[in-house]
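Inside the fold
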Amino acid sequence: MKPLSTKTAGFTDSIIRRMTRISLKYGSINLSQGFPDFDPPKAITDRLAEIAPYGPHQYAVTWGAQNFREALARKQKHFSGMDVDPDREIVVTCGSTEAMCASVAALCNPDENVVIFSPFYENYGADAILNGCHAIYIPLVPPDFHFDPDLIEEAFKDPKTKAMILCNPSNPTGKVFSYDELKIIADLAIKYDIYVITDEVYEHILYEPNKHLYIAAFPGMRERTIICSSLSKTYSITGWRLGYTIAPPQITDRIKKVHDFLTVGAAAPLMEACVTGLNFPDQYYKDLQAHYTHMKNLFVDGLHRLGLRCVDPQGAYYVLVDISEYGYEDDYEFAVDLCRKVGVTGVPGSTFFKEPVKNYIRFHFAKNDETLEKALERLADIDIMKK
Ligand SMILES: Cc1ncc(COP(=O)(O)O)c(C=O)c1O
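This text gives an overview of the structure that appears in the document. The shown structure was predicted, so the numbers you read here are calculated from the model rather than taken from an experiment. (Residues numbered from 1 in each chain as written. Predicted model: local features only at pLDDT ≥ 70, side-chain atom pairs only at ≥ 80, totals over all residues.)

Side note on the overall build of the chain
Scanning the chain for helices and strands turns up 12 helices and 13 strands. Here the C-alpha atoms of the chain give a radius of gyration of 21 Å, agreeing with the 21 Å that 2.2 N^0.38 yields for 387 residues. If you line up the chain on its principal axes, its C-alpha atoms span 60 × 55 × 55 Å. Looking at the chain as a whole, 46% of its 387 residues qualify as buried. The long-range fraction of contacts in the chain, counting pairs at least 24 apart against all pairs at least 6 apart in sequence, stands at 75%. (Helix = DSSP H or I, 4+ residues; strand = E, 2+ residues; numbered from the N terminus. Rg over C-alpha atoms; globule rule 2.2 N^0.38 Å. Buried ≥ 20, exposed ≤ 12 C-beta atoms within 10 Å, placed from the backbone. Contact = placed C-beta atoms within 7 Å.)

A closer look at the packing of helix α1 (residues 15–26) against helix α11 (residues 331–342)
Two numbers describe how α1 lies on α11: the axes approach to 9 Å, and their chain directions differ by 25°. One way to sum up the angle between α1 and α11 is to call them roughly parallel. Considering how the two elements wind past one another, α1 and α11 form a crossing that is right-handed. Across the interface between the two elements, M19, I22, S23 and Y26 from α1 touch A335, V336, C339 and R340 from α11. (Axes fitted to C-alpha atoms, helices over the stretch in contact; angles between N-to-C directions. Parallel < 35°, antiparallel > 145°, perpendicular 65-115°, else oblique. Left-handed = near helix turned anticlockwise from the far one by under 90°.)

What to know about the sheet that holds strand β10 (residues 318–322)
Taken in spatial order, the four strands make up an open sheet running β9-β10-β13-β12, and their pairing is antiparallel. In this open sheet, the two edge strands, each paired with only one partner strand, are β9 (309–310) and β12 (347–348). Bridging between β9 and β10 involves two bridges; their strand directions are antiparallel. In the strand pairing of β10, C310 is matched with V321. (Pairing = 2+ DSSP bridges.)

Some remarks on the pairing of strand β7 (residues 225–230)
Of all the six residues making up β7, six are buried; the element is thus mostly covered by neighbouring parts of the structure. Residues T225, I227 and S229 line one face of β7 and the alternating positions I226, C228 and S230 line the opposite face, and both faces are buried. Of the pairings in the sheet, the one linking strand β6 (residues 195–199) to β7 comprises four bridges and is parallel in character. Within the sheet, the bridge partner assigned to D199 lies in β7 and is C228.

Here we look at the sheet that holds β7
The strand order β2-β8-β7-β6-β5-β3-β4 describes an open sheet built from seven strands, whose pairing is mixed. Whereas interior strands pair on both sides, the edge strands pair on one side only; in this sheet they are β2 (90–93) and β4 (134–139). Pairs of neighbouring strands in the sheet enclose a mean axial angle of 20°, with direction left out of account. Both β2 and strand β8 (residues 243–246) contribute to a ladder of four bridges, which runs antiparallel. Within β8, the residue paired with I90 across the bridge is I246.

Quick look at the structure:
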């Protein structure tokens, strides 16, 4: 038999999802794979039930149902001040996951470079590989996850560099990029004619006093930015697979074509049900933020009380805990032992870092109070992990 593709030969199974399987095996509390364990807003599920008998059940317009795109454009204007043409500047995709891969395909030729901050959400490397591109990784330096602008400039200077991927708020660090940081990136992108592909799936999950700024709204950035975002986290519907891109018409035109061949379209009845969510008033987003702030305070303050070292996340729902003091050289081994011996599952931090950083474990806290309290109770015994 002929060998399978060399392009995908290096793909491993996702460590995040592997940790979920290990967690199930040991009956551990699973704080690895990041999805909420509470229900989506009732108004959205009620609307889904209401339309179930009569649809829409057939393909929507390939780049997304008209009313869904119009609602998205209104929401984007409300939160970012950007005017977005729902016909020429939006493509509805199967999650931000498809949006990002289609964006790289729309912009990059094989052998070109995509710049990615490390640590990073694991799909970005795969997006580069699937599109035949090379990833250039720029470290976000712990514990505060700052970056060196000179390294970005060096990467942008390479004539083969086409785009940068920017995850803001960031998974796994919980970093929310400041105005000054985004300005540095924007100025360099303009100077070296680089596109920015954002991943803003956590745009509404923020902790005071942090604010989300859209780099696309910075002067000179609209024409070179593809916003990728999704409804997964904002409305607690990760299984519905609804995401989107917002980009200028000539880029959107190309994304539409890639998307048409990749997936044809997102689920029509789910788009219809979610128009309700996209039209929610400001109070919904305030309540969401209050809900996540409560969970963050419960869990992260609890970690601090137990003496665990971690940086408070500014956004998203993850926390990286420093495990240096437990004497493990391999964070994967630590994560499996923690699951087995303490009964709490996280993701070994090295999954997210390009550099050889092996002293973190990532927990997510999009869980109900009882689960988080139980996890903290178990983590009180973490000293048994010391070698
Ligand atoms: C940074 C980031 N981007 C994208 C996704 C996936 O988003 P979607 O469900 O819209 O495909 C996740 C999921 O955890 C994520 O953490």
